[in-house]
Amino acid sequence: MPRNLSSHGTVLVGSVAIILALVRLIPVAVDRVQLNTASLSQELQTWRAHGQYYVHTKQDATIAGIFYIDENCSEGRGDQKTLLLLHGFPSSSYDFAGAFWEGLTSQYSRIITLDFLGYGFSDKPRSPSEKYSIMTEADVTEGLLQHLAIEQVHILAHDVGDTVAQELLARFNDRTASGSARVRNPSSLNILSICFLNGGLFPEQHRPSATQKLLNNEVIGSILSSVSSYSMFARSLNPVFGPKTQPSSAFLRDTYASLQFNGGKLVLPRLLKYMAERRANRDRWVGALVNSRCKIGLINGPADPISGIHAAERYKELVPKPWVYMLDDHIGHYPHVEAPQAVLKGYREFCNR
């Protein structure tokens, strides 16, 4: 046998052996998935105890339990309106806990946040027929607000929450445009304003991390998500934070615990399908920004390698009369975690425009 063929065959056999070895590990990984609260810190347990569940009926008539927190701020001031917080991938509503949440209670009389389907403490169905999509997450969000009898709302969104907010804005634009016949999901929700944090608002400017690319692969993603560990997770998340504002070990462990709660690691590749959705729905979602019928703005951490200053510049190019608040140069992808007081200051300026 020629040497080059032998060499290629050895590589192929070796690659297949590695893949099969990883596949054999999957049942072990699944068996070790923590489906209870044993791995949750006291802070995470307190956050979970602070919330409750909304039962959402999806378009295919199946139901899902959606975790949410609805806080009435007795000392709220400002416009006395309701604020909705939408989290990012791969984390949960817990991103908004702590100093950032406390800072918002002085501006709003009511604050609502939720874990999207497949995230945090919400249900994470693993049925092959389950479609984790932005449209579904928008339906879930509207359903929750209708359940809570919310008629008007301000929105502050991050990462994949930005994309959900874009779809909500597109629906709002359709509803309020005279003579529009494009309404997909009729709702009486009045969106008063949307402020976006770092996220993939423009698919042509979005730069997914290496881990996101691997997880998004049909074959590699399922294997990687099953055998991934806390240390792998931490190494993948650290680079999206700013060099001077790296995440604390407590934040990393809490984020990982909420991610793997109820088998969440196993649905990670399917959650990432939103990247393809952004490309497929670019005209609708970018158009929602360009033709917005409510006040919108962007608060951006420029050091973010995924959606930092390059995304902010694109926002300025495409959005009419853009309002953009740039944070310090060293702030990365999680500005509300890295610099909560600076984001609160920027958000107050946005609200007071």
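Notes on the structure follow. (Residues numbered from 1 in each chain as written. Predicted model: local features only at pLDDT ≥ 70, side-chain atom pairs only at ≥ 80, totals over all residues. Heavy atoms only, no water.)

## Here we look at the overall build of the protein chain
Helix and strand content of the protein chain: 15 helices and eight strands. Within the span of the protein chain, comprising 353 residues, buried residues form 54% of the whole. Contacts in the protein chain between residues at least 24 apart in sequence constitute 78% of all its contacts with a sequence separation of at least 6. Accessible surface for the protein chain amounts to roughly 15,600 Å². Of this, 54% is attributable to carbon and sulfur atoms. (Helix = DSSP H or I, 4+ residues; strand = E, 2+ residues; numbered from the N terminus. Buried < 20%, exposed > 50% of the residue type's maximum accessible area, 1.4 Å probe, protein only. Contact = heavy atoms within 4.5 Å. Areas by Shrake-Rupley, 256 points an atom, 1.4 Å probe, with all protein chains shown as cover.)

## Side note on the packing of aromatic side chains
One pass over the full model with this rule turns up 19 aromatic pairs. Aromatic side chains Phe-233 and Tyr-256 sit 5.4 Å apart centroid to centroid with 40° between the ring planes, which places their arrangement in the tilted category. In this pair, Phe-233 sits in helix α8 (residues 230-237) while Tyr-256 sits in helix α9 (residues 249-260), placing the two residues 23 residues apart along the sequence. Using a relative accessible area of 9% as the deciding quantity, one classes Phe-233 as buried. When the ring of Trp-323 is compared with that of Tyr-325, the centres are 6.0 Å apart and the planes differ by 15°; the resulting orientation is stacked. (Phe/Tyr/Trp six-rings, centres within 6.5 Å; stacked < 30°, edge-to-face > 60°.)

## Quick word on the sheet that holds strand β8 (residues 324-326)
One open sheet holds the eight strands; their spatial order is β1-β2-β4-β3-β5-β6-β7-β8, and the pairing between them is mixed. Both outer strands of the open sheet, β1 (52-57) and β8, are each paired with one neighbouring strand and no more. Along the sheet, successive strands turn relative to each other by an average axial angle of 25°, direction set aside. Strand contacts of helix α5 (residues 160-176): β3 (82-86), β5 (152-157), β6 (190-196) and β7 (295-300), with the helix running at about 150° to β6, the strand carrying the most contacts. The strands touched by helix α13 (residues 309-318) are β7 and β8; relative to β7, the strand with the most contacts, the crossing angle is about 155°. (Pairing = 2+ DSSP bridges. Axes fitted to C-alpha atoms, helices over the stretch in contact; angles between N-to-C directions.)

## A closer look at unusual backbone geometry
The omega torsion of the bond from Phe-89 to Pro-90 falls at 0°, within 30 degrees of zero and hence cis. Position of Pro-90 relative to the elements: it lies in the loop between β3 and α3 (99-104). A positive phi angle, near 60°, is found at Ala-149, a position not held by glycine. Checked against the element boundaries, Ala-149 lands in the loop between α4 (134-147) and β5. Judged by relative accessible area, which is 59%, Ala-149 ranks as exposed.

## Notes on empty space enclosed by the protein
Taken as a whole and judged by the stated rule, the model has three cavities of 30 Å³ or more. Looking at the largest cavity, its volume works out to about 70 Å³. What lines the largest cavity is Phe-116, Tyr-119, Tyr-132, Ser-133, Ile-134, Glu-137, Val-160, Leu-271, Tyr-274 and Glu-277. Among the elements of the structure, α4 and α11 (274-280) are those that each provide at least two residues to the lining of the largest cavity. Looking at the lining of the largest cavity residue by residue, the class counts come to seven nonpolar, one polar and two charged. Space inside the second largest cavity adds up to approximately 40 Å³. Taken together, Pro-90, Ser-91, Gly-118, Tyr-119, Gly-120, Lys-124, Ser-258, Leu-259, Gly-264, Leu-268 and Leu-271 make up the full set of residues lining the second largest cavity. Broken down by secondary-structure element, the contributors of at least two residues to the lining of the second largest cavity are α9 and α10 (268-271). (1 Å grid on protein atoms, 1.4 Å probe; cavity = no way out; pocket = protein on both sides within 12 Å on 5 of 7 lines; lining within 4 Å. Points joined across faces, edges and corners; volume = space filled by probe spheres on them. Nonpolar A, V, L, I, M, F, W, Y, C, P; charged D, E, K, R; others polar.)

## What to know about the pairing of β3
A regular strand carries its side chains on alternate faces of the sheet. With five of five residues buried, β3 is to be regarded as a mostly interior element. The alternating pattern of β3 places Thr-82, Leu-84 and Leu-86 and Leu-83 and Leu-85 on opposite faces, both of which are buried. Sheet analysis places β3 next to strand β4 (residues 110-114), joined by four bridges and oriented parallel. Across the sheet, residue Leu-84 finds its bridge partner in β4, namely Ile-112. Crossover β3 to β4 through α3 is right-handed. In terms of strand pairing, β3 meets β5 through four bridges, oriented parallel. Looking at the pairing, Leu-86 lines up with Ala-157 of β5. (Right-handed = clockwise from strand over helix to strand, strands pointing away.)

## Here we look at the nonpolar core
Counting residues in hydrophobic clusters, the biggest one holds 65 residues, and the most contacted among them are Leu-86, Leu-114, Ile-155, Ile-194 and Ile-296. With seven residues, α5 is the single largest residue contributor to this core. When near neighbours in sequence (up to four residues on either side) are disregarded, Ile-155 contacts Leu-83, Leu-84, Leu-86, Ala-165, Leu-168, Ile-191, Ser-193, Ile-194 and Cys-195. Core analysis: the second largest hydrophobic core is formed by 31 residues, Leu-44, Tyr-94, Leu-104 and Trp-323 among them. (Core = buried A, V, L, I, M, F, W, Y, C linked by side-chain atoms within 4.5 Å.)

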